[in-house]
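# Structure at a glance
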Amino acid sequence: MRIVLLGAPGSGKGTQTDSIIERYGVSTVATGDLLRAEVAAGTDLGQRAKPYMDAGNLVPFDIVLGMIENAVRKLAQSNPKGFMMDGFPRDLPQAEALDKLLDKLGQPLDAVLFIDVDYEEIVKRLLGRGRADDNEDTIRNRLRVFEEKTAPLIDFYTKKGLLHTIKGTGTVEDIGQRIRAALDKIA
Ligand code: ADP
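Residues numbered from 1 in each chain as written. Predicted model: local features only at pLDDT ≥ 70, side-chain atom pairs only at ≥ 80, totals over all residues. Heavy atoms only, no water.

## Topic: the pattern of salt bridges
Once the charged atoms of two side chains with opposite charge are near each other, the side chains can pair. Operational definition: Throughout this description, the term salt bridge denotes a Lys or Arg side-chain nitrogen within 4 Å of a carboxyl oxygen of Asp or Glu. The secondary structure listing takes helices from DSSP runs of H or I that are at least 4 residues long and strands from runs of E that are at least 2 residues long, numbered from the N terminus. Partly exposed residues are those whose accessible area sits between 20% and 50% of the maximum for their type, while under 20% is buried and over 50% is exposed, using a 1.4 Å probe and protein chains only.
Applying the stated criterion across every chain yields a total of 13 salt bridges. Note that Asp 33 and Arg 36 form a salt bridge whose closest N and O atoms lie 2.8 Å from each other. Within this pair, Asp 33 and its partner Arg 36 are both found in helix α2 (residues 31–41), separated by 3 residues, close to a single helical turn. Take Asp 33: its relative accessible area is 47%, and that puts it in the partly exposed class. The exposure class assigned to Arg 36 is partly exposed, which follows from its relative accessible area of 30%. For Arg 142, the salt bridge identified is with Asp 133, shortest N-O distance 3.8 Å. Accessibility expressed as a relative area gives 10% for Arg 142, which makes it buried. One connected set of salt bridges, linked through shared partners, spans Arg 129, Arg 131, Asp 133, Asp 134 and Arg 142.

## Looking at the site of the ligand
The condition is simple: To be near a molecule or strand, a residue needs just one of its heavy atoms within 4 Å of it. Any pair of nitrogen or oxygen atoms within 3.5 Å is treated as a polar contact; in protein, a donor-acceptor pairing is required on top of that, and neighbouring residues in sequence qualify only through side-chain atoms on both sides. Calculation of accessible area relied on Shrake-Rupley with a 1.4 Å probe; when residues are assessed, cover is drawn exclusively from the protein chains displayed. Any residue outside Ala, Val, Leu, Ile, Met, Phe, Trp, Tyr, Cys, Pro, Asp, Glu, Lys and Arg is labelled polar, Gly included; the first ten of those are nonpolar and the last four are charged.
Of all residues adjacent to the ligand, which total 18 residues, the nearest are Thr 31, Arg 36, Asn 57, Gln 94 and Arg 142. Residue Val 59 places a main-chain N or O atom 3.0 Å away from a nitrogen atom belonging to the ligand. In this structure, an oxygen atom belonging to the ligand sits 3.0 Å away from a side-chain N or O atom of Arg 142. Protein burial of the ligand: of its 550 Å² of free accessible surface, 95% is covered by the chains. For the shell around the ligand, the leading source of residues is α2, giving 4 residues. For the shell around the ligand, the class distribution of residues is 7 nonpolar, 5 polar and 6 charged.

These values are about where atoms sit, not about what they do.
Take a look at the structure:
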């Protein structure tokens, strides 16, 4: 099973990841985690990415492309049960690049889960979380970036017949239940 997890920052993607991995045996990668590791290790990539991350903007594609391509190749080749991507693709050029890469690998996506949560709820959640980029200005900017760059992917994947919208409010268990209902049909 090959899936993309799509949702605004704070929509709860990370919270659902473990149970998806456990149930379906997929491997996962979160590009935000990869980037934070590069920053922490002080690599050249991390140093170039950091100012964009601190401001809540997307790191330009030419900076992240190599890192993401490597991660996707590794994912696609290492686990026959499949993979789940969190935080990528983030805009249309990334989605098109992913399509091409997965075509080349002969491993097209099976589904895209869009976790749908309204913005007021998200701001509340993120302000309570306290990561370095979780102050109110950055949060608002990340939501703007989501709306502008990432939300068009909803339409992109709907047209491909891949999109499943999951209502992202309620308890963690409620949401997990909805995700299982969608993925059990595919697995
Ligand atoms: P959130 O979903 O809470 O915004 P992430 O961990 O997914 O958090 O991302 C944190 C930051 O890392 C983003 O604001 C952005 O700067 C950068 N980032 C993550 N994934 C990508 C990507 N695919 N392309 C460009 N930048 C990215």
